[in-house]
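# Structural features, examined
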Amino acid sequence: MPVIFASKMIKKCNIFLSLFLILSAVFCVLCSFLVHKDDPKRKVKIIVIDPGHGGKDPGCNGVSCREKDVALSVSLKLGKLIEEHIKDVKVIYTRKTDVFVELEDRARIANENNADLFISIHCNAAGKPVMIKDKKTGKMRPKTFKNSKGKLIVVETANPEPYGSETYVMGLKNEEGKMKVAQRENSAMLLEDNYETKYQGFDPNSEESYIIMSNYTSSYVIQSAGLALKIQEQYSKKAGRVDKGVHRQSIWVLWRTSMPSVLTEIGYLTNPEEEKFLGSDKGQTYIAACLFRAFRKYKDEQEGIKKTYDDAIENQVPLENENFNVSEKKEDVKTIDAPVIDEDIPVKEVKRDKTLVDNDKLKEEAETKAKLLAAQKAEDEREKEEEKKANDKLIAEKNRREKEQKIKSDSIAKAIKSESIEDHQKKYKQLIAIADVNYKNKNFDEALTLYKKALDEQPKDAYAKSKIKELESTGESVSETLISPTGKEDSEIIFKVQFASTDKEQDTKVKYPHVPEIWFYKSGALIKYTSGNFSSIEEASKHQAKLKELGYKDCFIAAFKKGVRMDINEARKHSR
């Protein structure tokens, strides 16, 4: 099923995207050798704070609180603490009011601002299945319905028991509870127009989509996990939250951000005591302070700073979790669930006799504690087993992808060998030209890809090898040498006839079969094509006339020096 789904996605893409998908597995391996190493001297100057949900997307709800409101309030408090106490950090919000922001736009804001860190703040929710009595078997079962796609969905009601805080980084773990968190946070895209096209066929309710997403790995998982651990430590140490751990899961907004990023679930709005805490100014202030301390410690570590703080924020008085003593605050009269006698009759509550409660209270508390300990032990064992299964599945999937990639790579290599030497040289020059433009514009990932393609065309080429080695070892430019179409360093003024421009790279042999000596360069979002290579403007003029006879009426003469276009009038002066 995942292969079929992936095939449908590839068919919808254009030619460039298809080539990208073929080589994506190679990029995943190579990306770990680029600039994404955990550099302790890496400056943290820009942080993007993302309050979850908003506008028409309320998120999860408690009795009196909405996730979008709590997340926004905590986010604004966190941003204010950073602005007041860490002056060299710029704070950017994905939203500062109750508005709907699309998932892709949240990631775009972080990427376009070259953020060093992305923190998405959310509230959690827990559900439990609505149980009904099956008319045919007479046994209890969860109530279900079929959605528009024919999938069987379990009807749930709020579960007031779970509480605690947890933080997510990019990854995949097919454990049911964690997958539900990913599905809930990704489901915001369903509220967007044309979401199927925008998110390339990704379905937040389809497990197959998560398997495909898992093929892409984040280069910032180590830094992200380091921050996540610090956040969880602060929740437990200062805010009295129960630490539910750091988890890896396929959450869209984490996948699309090109920097260390976390999504933190600060607590359960479906738990009455935790909702009361999260909805209060005190609770939100404590959570924001926990996130601030974790960020401050993370920033110092990244920048290689060792510093001890003794301010009011660091010395904040620790809290105790309100759920620990909730049993002591309950009323003497308790309720139990009455049996359900028909499929459509809901569960009702009846009061127990107060004297029975008083007589059995100590015994009931002891039994409850024993059950909780046993349940926790069973849950720990189950999680270990599920994690082992998930890891085994990921390893098997990785081996399968590597095998498929080897087959594809061998196929591509055979196809390249069958091309003529002339075609190799022409394609090499075109690839080098576009790679150098990307290199100059600091698009290092794209430049590395193109240099490697050029090296496939000319395996012994020293220039492409040097550029690849430079990018793989440092990830950034240390020198810049543009080359001419002939492959030699061009220090003189060269005249060419520009005859076309497109927004996508074309196969020049097919598109312009009668035009000789084609070369092209990138200008902004356009690729511009030239013909010829002349040292005088008179020779270029003769060639221009020939191109006009071929039908290129708007062609004109352009001048270049060292591979860079220059003013034609200035070129005329120097060429005389």
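Preceding block: the structure.
Right, let's walk through the structure included here. (Residues numbered from 1 in each chain as written. Predicted model: local features only at pLDDT ≥ 70, side-chain atom pairs only at ≥ 80, totals over all residues. Heavy atoms only, no water.)

Okay, the overall build of the chain next. Helix and strand counts for the chain come out as 19 helices and 19 strands. Looking at the chain residue by residue over its 576 residues, the buried ones come to 41%. A separation threshold of at least 6 residues defines the contact pool for the chain, and within that pool the share at least 24 residues apart is 72%. Summed over all atoms, the accessible surface of the chain reaches about 32500 Å², with 53% contributed by carbon and sulfur. (Helix = DSSP H or I, 4+ residues; strand = E, 2+ residues; numbered from the N terminus. Buried < 20%, exposed > 50% of the residue type's maximum accessible area, 1.4 Å probe, protein only. Contact = heavy atoms within 4.5 Å. Areas by Shrake-Rupley, 256 points an atom, 1.4 Å probe, with all protein chains shown as cover.)

This paragraph deals with the sheet that holds strand β3 (residues 117–124). The strand order β2-β1-β3-β12-β10-β11 describes an open sheet built from six strands, whose pairing is mixed. The open sheet is flanked by β2 (90–93) and β11 (243–249), the only strands paired with a single partner. Ignoring which end each strand starts from, the neighbouring axes of this sheet average 20° apart. Judged from the three bridges that link them, strand β10 (residues 165–170) and strand β12 (residues 261–268) form a sheet pairing that is antiparallel. Bridge pairing links Thr167 to Thr264 in β12. (Pairing = 2+ DSSP bridges. Axes fitted to C-alpha atoms, helices over the stretch in contact; angles between N-to-C directions.)

For any two helices packed against each other, the geometry is given by the interaxial angle and the distance between the axes. Axis separation between helix α14 (residues 421–440) and helix α15 (residues 444–457) bottoms out at 8 Å; the angle between their running directions is 165°. In terms of axis orientation, α14 runs roughly antiparallel to α15. In this structure, α14 meets α15 at a crossing whose hand is left-handed. Here His424, Lys427, Tyr428, Leu431, Ile432, Ile434, Ala435, Asp436, Asn438 and Tyr439 of α14 lie close against α15, whose contacting residues are Phe444, Glu446, Ala447, Leu450, Tyr451, Lys453, Ala454 and Glu457. Of the residues that constitute the contact of α14 with α15, the class distribution is eleven nonpolar, two polar and five charged. (Parallel < 35°, antiparallel > 145°, perpendicular 65-115°, else oblique. Left-handed = near helix turned anticlockwise from the far one by under 90°. Nonpolar A, V, L, I, M, F, W, Y, C, P; charged D, E, K, R; others polar.)

Our focus in this paragraph is the pairing of strand β16 (residues 518–523). Pairing of β16 with strand β17 (residues 526–534), which is carried by six bridges, proceeds in the antiparallel orientation. Bridging across to β17, Tyr521 finds its partner in Lys528. Turn length for the β16-β17 hairpin, with the two strands adjacent in sequence and antiparallel, is two residues, and the turn residue Gly524 shows positive phi of about 65°.

Time to look at the sheet that holds strand β18 (residues 556–561). Spatial strand order, β16-β17-β15-β18-β19: five strands in an open sheet with antiparallel pairing. At either end of the open sheet lies a strand with only one pairing partner, and these are β16 and β19 (564–566). Each adjacent strand pair in this sheet contributes to an overall mean axis angle of 50°, direction not counted. Where strand β15 (residues 493–502) lies against β17, six bridges are found, and the strand directions are antiparallel. The residue bridging Val497 from the neighbouring strand is Ser531, located in β17. Contacting β16 and β19, α14 crosses the sheet at an angle of about 15° to β16. Most of the contacts of helix α18 (residues 537–549) go to β15, to which it runs at about 25°, and overall it touches β15, β17 and β18.

A separate point is the nonpolar core. Ranked by internal contacts, the top residues of the largest apolar core, which has 41 residues, are Ile47, Ile82, Ile121, Ile266 and Ile287. Looking at this core, the elements with two or more residues in it are β1 (46–51), α3 (67–85), β2, β3, α8 (221–238), β12, α10 (272–279) and α11 (281–302). At ten residues, α11 tops the list of elements feeding residues into this core. Not counting the four nearest positions on each side in its chain, Ile121 is found in contact with Ile49, Asp50, Pro51, Gly52, Ala71, Val74, Ser75, Leu78, Thr264, Ile266 and Leu291. By size, the runner-up hydrophobic cluster in this structure holds 28 residues, among which are Ile432, Tyr439, Leu450 and Tyr512. (Core = buried A, V, L, I, M, F, W, Y, C linked by side-chain atoms within 4.5 Å.)

The next point concerns the side chain of Lys299. Mapped onto the secondary structure, Lys299 falls in helix α11. You can call Lys299 buried: its relative accessible area is 5%. The residues touching Lys299, leaving out its near neighbours within four places in the chain, are Val44, Ile86, Asp88 and Val89.

This part takes up unusual backbone geometry. With a phi close to 65°, His53 is a non-glycine residue in the positive phi region. Among the secondary structure elements, His53 is positioned in the loop between β1 and α3. The buried category is assigned to His53, whose relative accessible area is 6%. Backbone geometry places Asn114, a non-glycine residue, at a positive phi of 50°. By the secondary structure assignment, Asn114 is in the loop between α4 (103–112) and β3.

Looking now at the packing of α8 against α11. In the contact formed by α8 and α11, the axes pass within 8 Å of each other and the chain directions differ by 140°. Of the possible angle classes, the one that applies to α8 and α11 is oblique. Viewed along their axes, α8 and α11 form a crossing whose handedness is right-handed. In contact with Gln223, Leu227, Lys230, Ile231, Glu233, Gln234, Tyr235 and Lys238 of α8, α11 contributes Tyr286, Ile287, Cys290, Leu291, Arg293, Ala294, Phe295, Lys297, Tyr298, Glu301 and Gln302. Its residues assigned to classes, the contact of α8 with α11 shows ten nonpolar, three polar and six charged.

According to the stated counting rule, one finds 18 salt bridges in the structure shown. A salt bridge links Asp50 to Arg106, with the nearest nitrogen and oxygen atoms 2.5 Å apart. On the criterion of sequence distance, the pair formed by Asp50 in strand β1 and Arg106 in helix α4 is long-range, its members being 56 residues apart. Arg106 sits in the buried class, given a relative accessible area of 3%. Through salt bridges that share partners, Lys45, Asp88, Lys299 and Glu303 make up one connected network. (Salt bridge = Lys/Arg side-chain N within 4 Å of Asp/Glu carboxyl O.)

With that settled, consider the environment of Gly171. Note that Gly171 resides in the loop between β10 and α5 (176–186). In this structure Gly171 comes out as buried when scored by relative accessible area, which is 9%. Taking the C-alpha atoms as reference, Gly171 lies 8.4 Å from Trp255; in sequence the two are 84 residues apart. Sequence-distant contacts of Gly171, that is, excluding residues within four places in its chain, are made with Arg248, Gln249 and Ser250.

Moving on: the state of the cysteines. Throughout the structure, instances matching the rule amount to zero disulfides. Left without a disulfide partner, Cys65 is nearest to the cysteine sulfur of Cys123, which lies 8.2 Å away. Judged by its relative accessible area of 13%, Cys65 falls in the buried class. (Disulfide = S-S within 2.5 Å.)

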